[in-house]
Amino acid sequence: MGAIRSVAEVVLNAHDIHLLSKFYHEVMGFSVLSQYPKQHPTIIFLEIAKLDSPLGKAHPQMLVLIDPDRHPSARGKFDSAVERSFTLNHLAFEIDESDYESEIVRLASLGVTTTLAEFGHARAKAIFFQDPEGNRLELICHDSSVSEDDAIEADKETDRQIQAAIDRYESP
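Residues numbered from 1 in each chain as written. Predicted model: local features only at pLDDT ≥ 70, side-chain atom pairs only at ≥ 80, totals over all residues. Heavy atoms only, no water.

Brief notes about the overall build of the protein chain
Okay, so step 1: Per the secondary structure count, the protein chain includes three helices and eight strands.
Okay, so step 2: Counted from the first residue to the last, the protein chain has its helices and strands arranged as β-α-β-β-β-β-α-β-β-β-α.
Okay, so step 3: The buried share of the protein chain, reckoned over its 172 residues, is 35%.
Okay, so step 4: Sequence separation of 24 or more characterises 54% of the internal contacts of the protein chain that already satisfy a separation of 6 or more. (Helix = DSSP H or I, 4+ residues; strand = E, 2+ residues; numbered from the N terminus. Buried < 20%, exposed > 50% of the residue type's maximum accessible area, 1.4 Å probe, protein only. Contact = heavy atoms within 4.5 Å.)

Thoughts on helix H1 (residues 17-26)
Okay, so step 1: Buried within H1 we find Ile17, Leu20, Ser21, Phe23 and Tyr24. Along the long axis of H1, the arc covered by the buried residues comes to 165 degrees, so they all point the same way. (Arc of directions from axis to C-beta.)

Looking at the sheet that holds strand E1 (residues 9-13)
Okay, so step 1: Sheet architecture is open: four strands sit in the order E1-E4-E3-E2, paired in mixed fashion. Where the open sheet ends on each side, the last strands, each with one partner, are E1 and strand E2 (31-36). Neighbour-to-neighbour, the strand axes of this sheet turn through a mean angle of 20 degrees, independent of strand direction.
Okay, so step 2: Pairing of E2 with strand E3 (residues 43-49), which is carried by five bridges, proceeds in the antiparallel orientation. Of the residues in E3, the one forming a bridge with Ser34 is Phe45.
Okay, so step 3: Relative to E3, H1 is tilted by about 15 degrees, and along the sheet it contacts E1, E2, E3 and strand E4 (61-66). (Pairing = 2+ DSSP bridges. Axes fitted to C-alpha atoms, helices over the stretch in contact; angles between N-to-C directions.)

Re the packing of aromatic side chains
Okay, so step 1: Tallied over the entire structure, the rule returns six aromatic pairs.
Okay, so step 2: Taking the centre distance of 5.2 Å and the plane angle of 85 degrees together, the rings of Phe23 and Tyr24 count as edge-to-face. The burial state of Phe23 is the same as that of Tyr24; both residues are buried.
Okay, so step 3: Between Tyr24 and Phe30, the ring centres sit 6.0 Å apart and the planes meet at 15 degrees, which makes this aromatic pair stacked.
Okay, so step 4: Looking at Tyr24, the relative accessible area reads 0%, which means it is buried.
Okay, so step 5: Of the residues examined, Phe30 reaches a relative accessible area of 5% and is grouped as buried.
Okay, so step 6: Site record: aromatic cluster; members linked through ring pairs are Phe23, Tyr24, Phe30, Phe93 and Phe129.
Okay, so step 7: When the ring centre of Tyr100 is taken as origin, the NZ or CZ atom of Lys125, which lies over that ring, is 4.6 Å away. (Phe/Tyr/Trp six-rings, centres within 6.5 Å; stacked < 30°, edge-to-face > 60°. Lys NZ or Arg CZ within 6 Å of the ring centre and 35° of its normal.)

Considerations on the side chain of His71
Okay, so step 1: Structurally, the position occupied by His71 is in the loop between E4 and strand E5 (91-94).
Okay, so step 2: Within polar-contact distance, the side chain of His71 engages the side chain of Thr42 at 2.6 Å.
Okay, so step 3: Once residues within four sequence positions are removed from consideration, His71 is found in contact with Thr42, Ile43 and Ile66. (Polar contact = N/O pair within 3.5 Å; in protein donor to acceptor, adjacent residues only side chain to side chain.)

Section: helix H2 (residues 100-109)
Okay, so step 1: Of the positions making up H2, those classed as buried are Tyr100, Glu103, Ile104 and Leu107. Taken end-on, H2 shows its buried residues confined to a sector of 105 degrees, consistent with a single buried face. Across from the buried face of H2, at angles greater than 90 degrees, the exposed residues are Glu101, Val105 and Ser109.
Okay, so step 2: Residues of H2 that are buried sit in contact with strand E6 (115-119), strand E7 (124-130) and strand E8 (136-142).
Okay, so step 3: Following H2 by one or two positions, Gly111 has its phi on the positive side, about 80 degrees.

Next up, the structure:
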């Protein structure tokens, strides 16, 4: 592994910073650390988790929401949140396997539409859903029901399926 220890923060451009802040607080359970300015924020810092690192003593793992049209240091440097095009596929957050089923129920009770996925090759299972601005989110955990031998076989099958799909797409 290289010098990277962990993800320190993820920053999202927000069209409706208040709606996103409420979603990440109520649905994902992130606590609001600070927001500036206090009355009509253009940037909001939410804590995901404490980091066990020198940085983590003062800087937890964070999700930062920024209004790129209003925040002074961002204005004109990023695409407008309304007109943006970006390459973000999704944000993934690890949960404990013991919380997997209860998270499915909790998200459903909040009216959040979910898609479940199993990744045998990675011995993992996941819950996918979207935030109010269409960013895809994933809650992922270890899947203890998949043995190491099953994971090896699933890895081979995953490779075969992906290669077959590429071959179909690339063939004339």
